[in-house]
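Survey of secondary and tertiary structure
Chain residues, written in single-letter form:
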Amino acid sequence: MAGILTCLWKYRNYIVIVLTPLLLLPLPLVSPTSEAKCGYVIILMALYWCTECIPLAVTALLPVILFPMMGVMESNEVCIQYLKDSNMLFIGGLLVAIAVERWNLHRRIALQVLLIVGVKPSLLMIGFMGTTAFLSMWISNTASTAMMLPIANAVLQQLCDTEANAEEREFNMAAANNGLDNQAFEMGDAKMSKELQSKENTINLDADKDGIISSLEAQQRRLKTEQKYTKLTKGMSLSVCYAASIGGTATLTGTTPNVIMKGQIDELFPDNGGVINFASWFGFSFPNMVLMLALSWLWLQFMFLGFNLKSTFGCGTKKEGDREAFQVIKDEYKKLGRMNFAEGCVLTIFTLLVVLWFTREPGFIPGWATVLFNKDKTYVTDGTVAILMSALFFCIPSKLPRCCGRSEDGASSEAPGALLNWDIVHEKMPWNILLLLGGGFALAHGSEKSGLSLWLGESLLPLQSIPPFAISILLCLLVAMFTECSSNTATTTLFLPILASMATAIKIHPLYVMFPCTISASLAFMLPVATPPNAIAFSYGNLKVLDMAKAGFILNILGVITINIAINTWGVAMFNLNEFPSWANVTKTP
């Protein structure tokens, strides 16, 4: 029996691939409607995504096969969903991130911030969390975590070694002073009686015992110091991976679920007037990110450092260990050398891109795109700007051109390469995410086209009796729990069309539930497998699953509360969420 179970476990993926579509087949056979057929595809993809029996990107391609074969949509109509404006925005953002990583600009920024905040435990945690969150706003969460954790471990190891060595030196000096005192005592009492001198052997034995005890005490002190820094390393590793996930929520291109939401809003509500763009997303999410980051720091501070301000903030103390750990960061920064031409170009393009994103359609005044291009239609979008600026990486040389330059052998030197080339992009670009985005858009369009969205909306009408804030909190908790076991991309892809249908049916603003749930999909804090940053931290920080679960559970709750406070305060003011918008009133029939 055990052998059969072992065999079934080995071949579980193949069993799921074959059995799942067969077990679900009665749904379209019993009810051969477009809604049932589309529901069959969505349920099948959801199960494949949750079990990961085949790669997520391959599952995302199933609508290309199943929708035309089941008569839900024509093949041309399905395929066009896989490369929309949101995909272009995502590609542009990724190209910028690749260029930043290619020229180590992110490392320079990180080390410069750490040199400013110093190496006191609490300040160091603030520095690492703030830097990781800022980098995750622009580059992938995985890349920012992978870069910051080795730096954190090197600094903490240096602090631990220096403090242990300092304590050992102090202990040895104290022992040596005691030895000198004993020697002076013996010299001063040279005329002591023969009876006392006869006890010399006993005194020597006691001295040997004292030496053994002193050695044990020294070992215990070192062990205690190492245990303290082991706990601090756990907290620092968790702080970095959590900050990466939180920081990614602040910008539209920070993490994949954000782009998915923009794409779903534009797909399901085409007349929304560009309600979600880079500036509006940042305006809502950045304050929420800062609040979540502060609460996360307080919780991790409490768990791993306590609230002893004198020891964790320093409060005027300056140890040798601090200086040596600070020197580690300084040495790493010196290795980078001066900022070169390529780094300066990447920084300039990056800064210009962010400025253009913010000013394209700021909301309170007409943006440059409105004045120059979008007078009657939305011709220029955030995706247009992203592709324009990222294309410059392939046009600008990586070194300052020198017409008369010579190589070492005296021959005329070759022209320098561009800031980016396609080989690097091909290696670094996560093409699977683009297919996941497209699969989500295809599902949303299929739900709308088949009438499944309308059916779901009518089925969810009883929710009208529940207050909107309660619906939002419950859905956020559901999504936060679901994303611990499934990828955040798959979670948002599956949930957002259903949430849009529900919001339309019960006449609440779609953003009131879609925005909080999208951000909640990034609250994967409890399990190492929940997200790549967690897995990286788990491998670095000597963490146990229980450590991550205890810290992450509270952070999940704090995150859901924070998001719902945000959506019910400045979110209401920004997006007028108290009123059901006219662009959301899109009752369509199949």
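Predicted model, so just to flag it, every value in this text is computed and none were measured.

About the thresholds
Residues numbered from 1 in each chain as written. Predicted model: local features only at pLDDT ≥ 70, side-chain atom pairs only at ≥ 80, totals over all residues. Heavy atoms only, no water. Salt bridge = Lys/Arg side-chain N within 4 Å of Asp/Glu carboxyl O. Helix = DSSP H or I, 4+ residues; strand = E, 2+ residues; numbered from the N terminus. Buried < 20%, exposed > 50% of the residue type's maximum accessible area, 1.4 Å probe, protein only. Polar contact = N/O pair within 3.5 Å; in protein donor to acceptor, adjacent residues only side chain to side chain. Contact = heavy atoms within 4.5 Å. Expected span 1.5 Å × (residues − 1). Patch = residues over 30% accessible without salt bridge, like charges linked within 9 Å, V, L, I, M, F, W, Y side chains within 5 Å. Areas by Shrake-Rupley, 256 points an atom, 1.4 Å probe, with all protein chains shown as cover. Phe/Tyr/Trp six-rings, centres within 6.5 Å; stacked < 30°, edge-to-face > 60°. Lys NZ or Arg CZ within 6 Å of the ring centre and 35° of its normal.

1. Some thoughts on the pattern of salt bridges
Across all of its chains, the model carries eight salt bridges by this definition. Linking Glu 77 and Lys 449 is a salt bridge whose minimum nitrogen-to-oxygen distance equals 3.5 Å. Note that Glu 77 is positioned in helix H7 (residues 75-79) and Lys 449 in helix H22 (residues 431-450), a separation of 372 residues in sequence. A residue is classified by how much of its surface remains accessible, and Glu 77, at 22% relative accessible area, is partly exposed. Classification of Lys 449 as partly exposed rests on a relative accessible area of 41%.

2. Remarks on the side chain of Ser 520
One can find Ser 520 in helix H26 (residues 510-520). For Ser 520, a relative accessible area of 0% translates into the label buried. There is a polar contact of 2.8 Å between the side chain of Ser 520 and the backbone oxygen of Pro 516. Aside from chain neighbours lying at most four places away, what touches Ser 520 is Cys 476, Val 479, Ala 480, Thr 483 and Ile 563.

3. Digging into H22
Taking 1.5 Å per residue, 20 residues should reach 28 Å; H22 reaches 29 Å between its end C-alpha atoms and fits that length. In terms of burial, H22 is largely enclosed, as 16 of its 20 residues are buried. Positioned one or two residues after H22, Gly 451 has a phi angle of 95 degrees, which is positive.

4. Notes on helix H4 (residues 34-51)
The terminal C-alpha atoms of H4 lie 26 Å apart, and with 18 residues this matches the ideal 26 Å at 1.5 Å per residue to within 8%. Taken together, the buried positions of H4 are Ala 36, Cys 38, Gly 39, Tyr 40, Val 41, Ile 42, Leu 44, Met 45, Ala 46, Tyr 48 and Trp 49. Positive phi shows up at Glu 52, right after H4, with a value of about 50 degrees.

5. Comments concerning a nonpolar patch on the surface
Together, Phe 469, Ile 473, Leu 474, Leu 477, Phe 553, Ile 557, Ile 561 and Ile 565 line one region of the surface with nonpolar side chains, adding up to about 710 Å² of accessible area. For the nonpolar patch, the elements supplying multiple residues, two or more each, are helix H24 (468-482) and helix H28 (545-568). Structurally, Ile 561 can be placed in helix H28. For Ile 561, a relative accessible area of 44% puts it in the partly exposed group.

6. Quick word on the packing of aromatic side chains
In this description, an aromatic ring pair is defined by two values, namely the gap between the centres and the angle between the planes. Taken as a whole, this structure holds 20 aromatic pairs when the rule is applied. Note on Trp 138 and Phe 278: the rings are 6.1 Å apart at their centroids and 25 degrees apart in plane angle, and the pair reads as stacked. One end of the pair, Trp 138, is in the loop between helix H10 (121-136) and helix H11 (141-188); the other, Phe 278, is in helix H15 (residues 278-304), with 140 residues separating them in the sequence. No difference in accessibility class separates Trp 138 from Phe 278, as the two residues are buried. An angle of 85 degrees between the planes, with centres 6.3 Å apart, marks the rings of Trp 368 and Phe 373 as edge-to-face. Judged by its relative accessible area of 42%, Phe 373 falls in the partly exposed class. Cluster of aromatic residues (ring-pair linked, three or more members): Phe 134, Trp 138, Phe 278, Phe 282, Phe 286, Phe 350, Trp 357 and Phe 358. One Lys or Arg, Arg 12, reaches over the ring of Trp 9 and ends 4.0 Å from the middle of that ring. Between Arg 102 and the ring centre of Trp 103, over which it is positioned, the NZ or CZ distance is 4.3 Å.

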